[in-house]
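Reading the structure
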Amino acid sequence: EAGVVQSPRYKIIEKKQPVAFWCNPISGHNTLYWYRQNLGQGPELLIRYENEEAVDDSQLPKDRFSAERLKGVDSTLKIQPAELGDSAVYLCASSLDQNGLFFGSGTQLSVL
Amino acid sequence: GQSLEQPSEVTAVEGAIVQINCTYQTSGFYGLSWYQQHDGGAPTFLSYNGLDGLEETGRFSSFLSRSDSYGYLLLQELQMKDSASYFCAVSGSARQLTFGSGTQLTVLP
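Notes on the structure follow. (Residues numbered from 1 in each chain as written. Chains lettered and ligands numbered in written order. Predicted model: local features only at pLDDT ≥ 70, side-chain atom pairs only at ≥ 80, totals over all residues. Heavy atoms only, no water.)

A short note on the side chain of Ser85(B)
Residues and elements named next belong to chain B.
- Mapped onto the elements, Ser 85 comes out in strand E9 (residues 84-92).
- A distance of 3.0 Å separates polar atoms of two side chains, one belonging to Ser 85 and the other to Gln 104.
- Once residues lying within four places of it in the same chain are set aside, the contact partners of Ser 85 are Tyr 35, Gln 36, Gln 37, Thr 103 and Gln 104. (Helix = DSSP H or I, 4+ residues; strand = E, 2+ residues; numbered from the N terminus. Polar contact = N/O pair within 3.5 Å; in protein donor to acceptor, adjacent residues only side chain to side chain. Contact = heavy atoms within 4.5 Å.)

Structure follows, in structure tokens:
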């Protein structure tokens, strides 16, 4: 069974540029999460989807961040414009329930 | 809101037993999970406790006491490959999953 697939693996951009991350969850997993992880810290939830619906986006900085999950499968997370403080690893995860999340390898974003 | 506390670092020798503690505060509680993350890798699910008591999976065990808002991860027969960060995560109200800051485990030969 394929795991959670994310791309790109690494991204380097200049501040004020846009950037997008893509995630393909495990087949059959209705719940999809985007987390952000800073060095030496635990993952912090940005948004959670149940199928196509964003059920928890309270931590998403909506002035510059947006996300979508079309057809309840793949998801895209976008930042526009990026700021220096956005440098982090962006993790996508999927699950059947809250008891166990399966994470992708993440996208390491560097904003210069 | 939700908050978790766990030690930032733990060091042990190969073959030993180590316990990583986690205390939490949450409005509403569904369960406590543990994840392992190697440097440069993704978090990997280890265990989940929804009820009080001990859950055992091979060399790893996890314990929960809901009345004390406390849990721990126990790693036995430590191996070098166990060197990693370990995160506790609590499922609270609104089904949010909140992670602790992680415990860096170093296993020495």
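Describing the state of the cysteines
- Tallied over the full model, the rule gives two disulfides over all chains.
- A sulfur-sulfur distance of 1.9 Å marks the disulfide that ties Cys23(A) to Cys92(A). Residues Cys23(A) and Cys92(A) are joined by a disulfide whose S-S torsion is about -65°; by sign, that bridge is left-handed. Placement of Cys23(A) in strand E3 (residues 19-24) and of Cys92(A) in strand E9 (residues 88-95) is noted, with a sequence separation of 69 residues between them. Side by side, Cys23(A) and Cys92(A) carry an identical accessibility label, which is buried.
- For Cys22(B), the disulfide goes to Cys88(B), at an S-S distance of 2.1 Å. Its S-S torsion of about 75° marks the bond between Cys22(B) and Cys88(B) as right-handed, since a negative value means left-handed. Separated by 66 residues along the polypeptide, Cys22(B) in strand E3 (residues 18-26) and Cys88(B) in strand E9 bring together distant segments of the chain. Just as Cys22(B) is buried, Cys88(B) falls in that class too. (Disulfide = S-S within 2.5 Å. Buried < 20%, exposed > 50% of the residue type's maximum accessible area, 1.4 Å probe, protein only.)

Some words on the pairing of strand E8 (residues 70-75) of chain B
All names here are of chain B.
- Counting buried positions along E8 yields five of six residues, so the element is predominantly enclosed.
- Where E3 meets E8, six bridges bridge the pair, whose relative direction is antiparallel. If you follow Cys 22 over to E8, its bridge partner there is Gly 71.
- Note that strand E7 (residues 60-65) and E8 share six bridges and pair antiparallel. Bridge pairing in E8 places Ser 61 opposite Leu 74.
- Where E7 folds back onto E8 in an antiparallel hairpin, the turn is made up of four residues, including Ser 69, whose phi is positive at roughly 50°. (Pairing = 2+ DSSP bridges.)

Some details on the interface of chain A and chain B
- Taken together, the contact between chain A and chain B spans 18 residues of the former and 17 residues of the latter.
- Here chain A meets chain B over a buried area of about 1,500 Å², counting both sides, of which 47% is carbon and sulfur.
- The interface formed by chain A and chain B contains zero salt bridges.
- Here chain A and chain B share four residue pairs in polar contact (both at pLDDT 80 or more) between them. (Buried area = accessible area lost by both parts, 1.4 Å probe. Salt bridge = Lys/Arg side-chain N within 4 Å of Asp/Glu carboxyl O.)

Quick look at the sheet that holds E7(B)
Residues and elements named next belong to chain B.
- If you trace the five strands from one edge of the open sheet to the other, you get E1-E3-E8-E7-E6, paired in antiparallel fashion. Edge strands, defined here as strands with exactly one partner in the open sheet, are strand E1 (2-5) and strand E6 (53-57). Taking each pair of neighbouring strands and ignoring which way they run, the sheet shows an average axis angle of 20°. (Axes fitted to C-alpha atoms, helices over the stretch in contact; angles between N-to-C directions.)

Observations regarding the pattern of salt bridges
Residue and element names in this part refer to chain A.
- Applying the stated criterion across every chain, the model contains six salt bridges over all chains.
- Between Arg 48 and Glu 50 there is a salt bridge; the shortest N-O distance is 3.0 Å.
- With a relative accessible area of 8%, Arg 48 lands in the buried category.
- With a closest N to O distance of 3.8 Å, Asp 57 and Lys 62 form a salt bridge.
- You can call Asp 57 partly exposed: its relative accessible area is 29%.
- It is possible to trace a salt-bridge network through shared partners that takes in Arg 64, Glu 83 and Asp 86.

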